[in-house]
Structure formats: structure tokens, C-alpha cells
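# Close look at the chain arrangement
Below, each chain spelled out in residue letters.
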Amino acid sequence: TDNNVINFYYAVDSFGDGENGDEGDGTPDKYQKKVIFKVVNGKWADGTNADKFVYLDLMKDGKYAVDGTATLTAPTGMTADEGFKNGSWDAEIPTTVSGTETLIFTYSFIRGTTPVEPLDSVSYIVEHYKENADGTYSLVEKDTKILVGKIGATVTATANTYEGYCYNEAKSEASGVLKAISGASDILTLKLYYDIDKAGDGENGDEGDGTPDKYQKKVIFKVVNGKWADGTSADKFVYLNLMKDGKYAVDGTATLTAPTGMVAKEGFEGGAWKVTPPSIVSGTNEETFIYTFTEVVPENPENPDTPDTPDTPDTPVDPGTPDVPGGEGEGGGNGSLNGGAHHILFGKTDGIGWYQVSKDGGKTWDIVFGNSTYEVKHGTEIIVRAGDIMGDAFTFYVNGNAVKPDANGNLVVTVNGYMLIGAIGIDPDIDFEVPDVEESLNWFQKIIKAIKDFFDKIFGWMK
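Residues numbered from 1 in each chain as written. Predicted model: local features only at pLDDT ≥ 70, side-chain atom pairs only at ≥ 80, totals over all residues. Heavy atoms only, no water.

The helix and strand inventory of the protein chain stands at 1 helix and 41 strands. Taking all 463 residues of the protein chain together, 36% fall into the buried category. Of the contacts formed within the protein chain by residues at least 6 apart in sequence, a portion of 61% connects residues at least 24 apart. (Helix = DSSP H or I, 4+ residues; strand = E, 2+ residues; numbered from the N terminus. Buried < 20%, exposed > 50% of the residue type's maximum accessible area, 1.4 Å probe, protein only. Contact = heavy atoms within 4.5 Å.)

Encoded structure:
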């Protein structure tokens, strides 16, 4: 039979019930709206004067919905304290509400004398609001204060300190002038706002820095196979304040300065940004920029870029050929190829290569193979015959590129500072002059001329 999977989903429900409203009530918080009622200079119908609150369920088409509505019923039957009368709401209370932000309505009584005589002082309210994750603000009810000041005086509220929040001075209404109260609208209410601030400072960037997080952009820098200028290699981060018209703004911009002076680790080189950091950034999304050094590719003895210069080759060469004219011993000694008459054969002796050493700045070169050395002028051209004895083991490189024999098995090589790779032998039985090729000829022309000269010599010798 098929397996049936039943999924159960649970929504956050952290308020709506309990004495302080901080217990779940069975309805997901995201579908509820909180409304607070206050009474000033009086009492509710039940004889208390503490704030009242109600959580309303937002409904649409008979279902919970964030964009739904709810019916609001305001308290009635409030009574004035001694010496006060004529109570009224500070705003008209609607019968239907929507949205998830908290609403506050205040019902105030005024003093029984007109104007406030003989007293010269009135009450005012100070409220504190903390930002929610969705950008709305909630009243910190326990910190609300009712204070008294003289009519005509300017009063200023002092901001509180809340961990993980910073004071939003621009949004707050922290001061005002007290005036005689003839109605609810005359009551001064100071409102102070606090924004979420949990990042931007500290060793790991997880402490507040005094700027609201919603106006900041985090940028991370990484270095791979290297270190920063200060010698460390750990990721670096920076929090940038987004500004627009001189004010914090979610749609603002910030100037970004990327690190410099990075140093490669041993064995790496050529550092570069994967994506070049821009000088101006925007948006609150986190961005990462990576600076990477690449590994130094070691020389490949079968395809070198620059000549090796060993002091002493590891393996002697014994190509098994007769003595080199002008040299000493079989396949060895010091022979001269300058204008010489030598035909160089490549054999299959594994592990033996050609090496170049210049002792006078590149005017002449010693071609070293095994324990034999042959001096050749810079720019001299040598014809190399591949021959059947090489088989498939032969590869010849010039300037890092493989050169293949022509149809007649011949290669043309100029001694010009590049390494010649292969095992070699010397055949003194074929005598010919080294071709004199102009430096202006390209490689194709050199090959054609060398082949022609070679066959001229061969056929002339056979005659």
C-alpha cells in the first residue's frame, strides 16, 4: 500500500491571554491586533484605573487573515476622580479595525474648575515604544509614566536604555509645552521610540553599534591562499550606514572601501577579486567579496616554460654511438656544433634531457646532455632527425609547444634560449653544414629551407 504522510503545522502563539496578556490564547499571534485603553483622572466602570487591553482576531471570509478586520468595542461607564469632570476620548474609536499594529486610546477627565484655578500645574504622559521584527512598534506598558508640570513649561522626557535597541531620536516626540487642559486633546503625551540594534559592533559583529539594524548593510571580505596586510587571514566584515539626504534610509547608499595589501601564501601568486567590490553599495542584503591567490604551477620536465640548469645531471648518457669528432670518448667529451658537421639523432634513453646554460649573457649556449657538453652560438639552427629508433616515446618542445617531425622525419630547431627535451645520440657518419638562416624568417620558412638544405647535403654525400 502507499505510504500516507500527515503534516501538522504550528503557528506562534505567545500572547492574548493571562493577566498581562503574555500567554497564548489559541489564536496565532500573526492574526491578532492589540488595542490598549487608558483612563486619566478617573476610573473604569469596575472601579480600577489600570490600562485595559484586548486582542482582536482578524478575519476575512470566515478565516484568520493578516489583512482581515475585527470589531472593536470601547469601554464605557468611566467615572471621574474627585475634582475632575467632563471625560472624553483623545480620538474617535472606530467600530471596525484592521492591521496588526497596536492601537492606544486614552479617556481623560479634566479638572472641575475653569480654567485650572487656583492650581497652575497639569499632568502629562510619557510612553516608550520598541520596534518589532516586522517594523511596527509596541508600547512598553510598564514604563509609561504620568508626570506633572507647570502650565507653559517645556518638558522633556529622558530616553530609557533597552538591551538590543537604540533610541530613535528622529522618530521620537520627546518634548512639548504644557497647557491648561480643557479637553482630552490638551493632554501632552510624549512618545519615545527605540529601534532594533543587535549588530555592527563587537569582535563578531553581534553587538549593537548605536545605529538601527534596518539602516545597515553588512559586507564580508574573504582572502583565499593568502593573508591580509595585517598578517591575519580571518574573514573581515564591515557594517555600513545607508544614508539618503543626510538621514538614515532603507533605500539609501553607503561608501565601501575594500581591503588592500593582501599577501600570497608560499606557493601561490597572482591575487585578484572574484568580483570587484564597488565603491558605492545599496540595499540591506548581506554581500561577500573574495580575494583569491592561485597556486604556482611547478615546472613540468616534459613541457617546461623556462630552462632547467642542473649542476650535474643524475644519469649519464651512453647513446652507443661512435666518438664525436672533436670530442672525447664515446658519446661524450666537449664537441663543437658551431659550423660543425654533425647529425643529431634522438634515441629512447629514458630520463635524459637537454639542458641549456649560458655563460656570457646569451651569446653562446652549452647544450648539456648526460656528461657531454656542446657549445652552440645563440641563433644557430640545428636539424634533428627523428628516425625509427625513437618510436612513440619522442616529443620535442620549443617555447612550450610540441613540434612534430615532417614527412621526412626532420625537425628544425633554433638554439634561442628554450629547452630542448629528449634523449639523444650523435651520428658522425653524416656530414653537412649547419644552415645559415636569417632571423627575419618565420618558423615555417625556416623549416622549409632547412629540409631543402638537408636533402641537398644528403644527396650530395651519396653521390
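A word on the environment of Thr76. Relative to the elements of secondary structure, Thr76 occurs in the loop between strand 8 (69-71) and strand 9 (79-80). With a relative accessible area of 63%, Thr76 lands in the exposed category. Along the backbone, Thr76 and Trp44 are 32 residues apart, and their C-alpha atoms lie at a distance of 7.5 Å.

Phi at Asn41 is positive, roughly 60°, even though this residue is not glycine. Within the secondary structure, Asn41 is located in the loop between strand 3 (32-40) and strand 4 (42-43). A positive phi is found at Asn225, a non-glycine position, where the angle reads about 65°. Inspection of the secondary structure assignment puts Asn225 in the loop between strand 22 (216-224) and strand 23 (226-227).

So, on to the packing of aromatic side chains. Evaluated as defined, the whole model comprises 16 aromatic pairs. Ring centres of Trp89 and Tyr107 lie 5.1 Å apart, and the angle between their planes is 75°; this geometry places the pair in the edge-to-face category. Placement of the pair is Trp89 in strand 10 (residues 84-89) and Tyr107 in strand 12 (residues 103-111), with a sequence separation of 18 residues. Classification of Tyr107 as buried rests on a relative accessible area of 14%. Ring plane angle 80° and centroid distance 6.0 Å describe the contact between Phe237 and Tyr239, whose orientation is recorded as edge-to-face. The class for Phe237 is partly exposed, based on a relative accessible area of 32%. Just above the ring of Phe53 sits the side chain of Lys34; from NZ or CZ to the centre is 5.7 Å. (Phe/Tyr/Trp six-rings, centres within 6.5 Å; stacked < 30°, edge-to-face > 60°. Lys NZ or Arg CZ within 6 Å of the ring centre and 35° of its normal.)

A word on a nonpolar patch on the surface. Together, Ile6, Phe8 and Tyr10 make up a nonpolar patch on the protein surface, roughly 480 Å² of accessible area in all. Judged by its relative accessible area of 66%, Ile6 falls in the exposed class. (Patch = residues over 30% accessible without salt bridge, like charges linked within 9 Å, V, L, I, M, F, W, Y side chains within 5 Å. Areas by Shrake-Rupley, 256 points an atom, 1.4 Å probe, with all protein chains shown as cover. Salt bridge = Lys/Arg side-chain N within 4 Å of Asp/Glu carboxyl O.)

Quick look at the sheet that holds strand 31 (residues 287-295) now. Strand order in the open sheet formed by 4 strands is 24-22-31-29, and the pairing between neighbours is mixed. Where the open sheet ends on each side, the last strands, each with one partner, are strand 24 (236-241) and strand 29 (268-273). Within this sheet the neighbouring strands show an average axis-to-axis angle of 20°, counted without direction. (Pairing = 2+ DSSP bridges. Axes fitted to C-alpha atoms, helices over the stretch in contact; angles between N-to-C directions.)

This next bit is on the sheet that holds strand 10. Across a sheet, paired strands are connected by hydrogen bonds in the backbone, their directions being either parallel or antiparallel. In spatial order, the strands read 5-3-12-10; together these 4 strands make up an open sheet with mixed pairing. In this open sheet, the two edge strands, each paired with only one partner strand, are strand 5 (52-57) and strand 10. Strand-to-strand twist of the sheet, defined as the mean angle between neighbouring strand axes without regard to direction, takes the value 20°. Note that strand 3 and strand 12 share 6 bridges and pair parallel. Paired with Lys38 across the two strands is Thr106, which belongs to strand 12.

Counting 18 residues, the largest nonpolar core has Tyr124, Val126, Val155, Leu178, Leu188, Leu190 and Leu192 as the members making the most contacts within it. Of all the secondary structure elements, the ones that give two or more residues to this core are strand 13 (121-131) and strand 19 (189-196). Take this core: its biggest share by element is 4 residues, from strand 13. Once you skip the residues sitting within four places of it in the chain, Val126 turns out to touch Asp143, Thr144, Lys145, Leu147, Ala157, Leu190 and Leu192. With 15 residues, the next largest nonpolar core counts Trp44, Ile93, Val97 and Phe105 among its residues. (Core = buried A, V, L, I, M, F, W, Y, C linked by side-chain atoms within 4.5 Å.)

The next thing to look at is the pattern of salt bridges. Enumeration over the complete set of coordinates arrives at 14 salt bridges. A salt bridge links Lys34 to Glu141, with the nearest nitrogen and oxygen atoms 2.5 Å apart. Placement of Lys34 in strand 3 and of Glu141 in the loop between strand 14 (137-139) and strand 15 (145-150) is noted, with a sequence separation of 107 residues between them. Classification of Lys34 by relative accessible area gives buried; the value is 15%. Under the relative-accessibility criterion, Glu141 is labelled partly exposed at 26%. Taking the shortest distance from any N to any O, the salt bridge between Lys222 and Asp235 comes out at 2.6 Å. With a gap of 13 residues between them, Lys222 in strand 22 and Asp235 in the loop between strand 23 and strand 24 connect regions that are remote in the sequence. Connected via shared salt-bridge partners are Glu131, Asp195 and Lys214.

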